[in-house]
Amino acid sequence: MASKFEKLLIKLGKPTWAQHLRHAQHIHGPQKTKIDPEWAKDIIKMDTHLREIGQREIYLHEEIKALTSLDHGPLSTEQRAQLAKWEMELEDLARKYWHLEREFYRREASVPPGPLQRAYATWRSNPEWYLLGYLRDDCAGRGGCCGRSCGCCERERDTEKRIRLGHCTIECGCCRRARGFDLNHEDRVRYQKLFDCDLKENEALWDSLKLAYVFGIMML
Ligand SMILES: [Zn+2]
Ligand SMILES: [Zn+2]
Ligand SMILES: [Zn+2]
């Protein structure tokens with residue numbers, strides 16, 4: 001149940017203050033408001049993984065289209081092999097996405113009741129939630145399109161999936177072209193380790209991410 005003060009802030013047209021209040025209730029409230037402490041982290045990780053798969057799919061479709069365009073001429077044996085490899089990868093990605101999307105729905109629907117639930121529902125009702133300054137800075141800091149003028153994160157990406165909105169992952173094709181090289185296995189492992197949510201030194205970063213993602217606010 002929302003507190004009287006929370007309702008008053010909404011009535012006064014102060015939704016951000018209401019989110020700060022919900023955050024304070026979540027952090028300092030009774031034990032029952034703090035159940036499932038991993039929830040926010042899981043939501044961010046799953047959402048990121050969904051975007052990774054979706055952005056890889058978009059990139060592969062673009063590459064296939066370029067390779068098979070009419071003015072390209074007949075394909076060499078290597079190119080045909082590459083095409084077959086990409087088609088197989090696309091099928092595998094579609095399967096992974098299908099499963100993960102259901103897991104994400106289940107996790108999202110199991111948001112612990114209380115201030116966290118109210119904050120998340122409020123913040124997600126804003127169609128432009130992901131354009132919050134902190135999330136854009138985080139995207140730019142990781143080498144994403146928010147650090148360039150291409151504008152990829154401001155428009156829908158070329159897919160019907162729910163992840164058509166949102167920031168770059170290491171699979172963004174535009175970032176790949178700006179970077180100038182494909183990430184190998186070692187690059188991916190290093191990146192994952194660097195931003196690992198379980199690292200002590202990443203605690204502040206993840207706290208800020210959780211605030212931005214779930215509450216739509218920044219650290220005061
Ligand atoms: Zn990008
Ligand atoms: Zn871009
Ligand atoms: Zn971005």
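How each quantity is defined
Residues numbered from 1 in each chain as written. Chains lettered and ligands numbered in written order. Predicted model: local features only at pLDDT ≥ 70, side-chain atom pairs only at ≥ 80, totals over all residues. Helix = DSSP H or I, 4+ residues; strand = E, 2+ residues; numbered from the N terminus. Contact = placed C-beta atoms within 7 Å. Core = buried A, V, L, I, M, F, W, Y, C linked by C-beta atoms within 7 Å. Buried ≥ 20, exposed ≤ 12 C-beta atoms within 10 Å, placed from the backbone. Axes fitted to C-alpha atoms, helices over the stretch in contact; angles between N-to-C directions. Parallel < 35°, antiparallel > 145°, perpendicular 65-115°, else oblique. Left-handed = near helix turned anticlockwise from the far one by under 90°. Nonpolar A, V, L, I, M, F, W, Y, C, P; charged D, E, K, R; others polar. UniProt positions renumbered as here; feature names shortened; annotations may be inferred. Expected span 1.5 Å × (residues − 1).

### Remarks on the overall build of the protein
Consideration 1: Of the regular secondary structure elements, the protein holds nine helices and zero strands.
Consideration 2: When the helices and strands of the protein are read in sequence order from the N terminus, they spell out α-α-α-α-α-α-α-α-α.
Consideration 3: If you line up the protein on its principal axes, its C-alpha atoms span 70 × 30 × 30 Å.
Consideration 4: Long-range pairs, those at least 24 residues apart, make up 70% of the contacts in the protein with a sequence separation of at least 6.

### Remarks on the nonpolar core
Consideration 1: In this structure, Cys139, Cys145, Cys168 and Val214 are the most contacted members of the largest nonpolar core, which totals 19 residues.
Consideration 2: Elements with a minimum of two residues in this core: α5 (115-124), α6 (133-141), α7 (173-179) and α9 (203-215).
Consideration 3: Ranked by residues supplied to this core, first place goes to α9 with six residues.
Consideration 4: Contacts of Cys168, omitting those with residues within four sequence positions, involve Cys139, Gly144, Cys145, Cys152, Cys153 and Cys175.
Consideration 5: In terms of nonpolar packing, the next biggest core, distinct from the first, is built from five residues, Leu50, Ile53, Phe104 and Ile163 among them.

### Quick word on the packing of helix α3 (residues 39-67) against helix α4 (residues 77-109)
Consideration 1: Where α3 contacts α4, the axes come no closer than 9 Å and their chain directions differ by 155°. What the angle tells us is that α3 and α4 run roughly antiparallel. With respect to the hand of their crossing, α3 and α4 are arranged in left-handed fashion.
Consideration 2: For the contact of α3 with α4, the class distribution of residues is 14 nonpolar, three polar and eleven charged.

### Some thoughts on the UniProt feature "coiled-coil region" (unreviewed entry) in the protein
Consideration 1: The UniProt entry lists residues 76-103 under the feature "coiled-coil region" (unreviewed entry), expressed in the numbering used here.
Consideration 2: Secondary structure across residues 76-103 divides into 96% helix and 0% strand, with the first and last C-alpha atoms of the span separated by 41 Å.

### Considerations on α5
Consideration 1: Where α5 is concerned, the buried positions are Pro115, Leu116, Arg118, Ala119 and Tyr120.
Consideration 2: Buried-residue contacts for α5 involve α2 (15-28) and α9.

### Notes on the environment of Asn126
Consideration 1: Within the secondary structure, Asn126 sits in the loop between α5 and α6.
Consideration 2: Under the C-beta neighbour-count criterion, Asn126 is labelled exposed, with 12 such atoms within 10 Å.
Consideration 3: C-alpha separation for the pair Asn126 and Gly216, spaced 90 residues apart in sequence, amounts to 9.6 Å.

### Topic: unusual backbone geometry
Consideration 1: Despite not being glycine, Asp36 has its phi angle at roughly 55°, a positive value.
Consideration 2: Within the fold, Asp36 resides in the loop between α2 and α3.
Consideration 3: A count of 12 C-beta atoms within 10 Å places Asp36 in the exposed class.

### A short note on the environment of Gln31
Consideration 1: Structurally, Gln31 is set in the loop between α2 and α3.
Consideration 2: Gln31 sits in the exposed class, given 6 other C-beta atoms within 10 Å.
Consideration 3: Considering only alpha carbons, one finds Gln31 and Asp47, 16 residues apart in sequence, at a separation of 27 Å.

### Overview of α2
Counting along an α-helix, one turn takes 3.6 residues, and residues three or four places apart therefore face a common direction.
Consideration 1: The end-to-end C-alpha distance of α2 is 20 Å, a good match for the 20 Å that 14 residues give at a rise of 1.5 Å each.
Consideration 2: Within α2 the residues assigned to the buried category are Ala18, Gln19, Leu21, Arg22, His23, Gln25 and His26.
Consideration 3: Looking at the buried residues of α2, the elements they touch are α1 (4-11), α5 and α9.

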